[in-house]
Amino acid sequence: MSDSINTKLTEIRTESLYFCLENRTVSVCDTEINLTVKEFDIFALLIMNPDRVLTYNMIVDLVWNENLDYYSRRTINNHVSNLRRKLKVTPETPDYIRSVHGIGYKFNPKIKFL
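Cut-off values and rules
- Residue positions are given per chain, counted from 1 along the sequence in the order it is written.
- Thresholds applied to this predicted model are a pLDDT of at least 70 for local features of residues and 80 or more for the giving and counting of side-chain atom pairs; totals over whole chains, interfaces and linings are not thresholded and use all residues.
- Hydrogens are left out, water is left out, and the side-chain values use all remaining heavy atoms of the structure.
- Following DSSP output, two strands are said to pair if at least two bridges run between them.
- Where helices and strands are cited, they refer to DSSP runs of H or I of at least four residues and of E of at least two residues respectively, numbered from the N terminus.
- Here's how the labels work: a residue is buried when its accessible area is under 20% of the maximum for its type, exposed when over 50%, partly exposed in between, all with a 1.4 Å probe on protein chains only.
- Only the six-membered ring of Trp is used, alongside the rings of Phe and Tyr, when aromatic pairs are assigned; centres must lie within 6.5 Å, and planes under 30 degrees apart are stacked while those over 60 apart are edge-to-face, with the rest tilted.

Asks: With reference to specific residues and values, describe the sheet that holds strand β7 (residues 104-107).
Replies: Read from one edge to the other, the open sheet built from three strands follows the order β5-β7-β6, with strand pairing classed as antiparallel. Strand pairing shows two members of the sheet lacking a second neighbour, β5 (54-55) and β6 (97-100), which therefore form its edges. Inspection of the sheet shows β6 paired to β7 by four bridges, in the antiparallel sense. Residue pairing in the sheet places arginine 98 in a bridge with lysine 106 of β7.

Now the structure itself:
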């Protein structure tokens, strides 16, 4: 008798993007993107809340579980910058992450999901 877990995966797909929360995988244009743990956690937070602006405080609390300070904001900016660079596999690849100046980030809600 097999003890397989029969649960549905949390997957999000667009024309060029594939995201799976449980498998911690992200692909763009059929190319798997290697993300660090924190990059994946930030992207998961953004993509799972596409209509919501996530403040620096929220990202630090939910990803790092610590209070916001000057270096935390810089750390978030660096991680998001690296994440954007990795996700931009072609010039036509949409910008998945939008900055909300002085507040935080959000997932680009104009990308159509399949």
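Moving on from the model shown.
Asks: How would you sum up unusual backbone geometry? Please name residues and give values.
Replies: Its identity as a non-glycine residue notwithstanding, arginine 24 has a phi of 55°, on the positive side. Along the chain, arginine 24 falls in the loop between β2 (17-20) and β3 (25-28). With relative accessibility at 41%, the residue arginine 24 sits in the partly exposed group. Here cysteine 29, not a glycine, exhibits a phi torsion of approximately 55°, which is positive.

Asks: Could you give me a rundown of the packing of aromatic side chains, with the residues and numbers involved?
Replies: The final tally for this structure, using the stated rule, is five aromatic pairs. A centroid spacing of 6.1 Å and a plane angle of 65° characterise the contact between phenylalanine 43 and phenylalanine 107, whose relative ring orientation is edge-to-face. With phenylalanine 43 in helix α1 (residues 37-47) and phenylalanine 107 in strand β7, this pair connects stretches of sequence that are 64 residues apart. Exposure class is identical for phenylalanine 43 and phenylalanine 107. Each is buried. Taken together, the aromatic side chains of Phe19, Phe40, Phe43, Tyr96 and Phe107 make up a single cluster linked through ring pairs.

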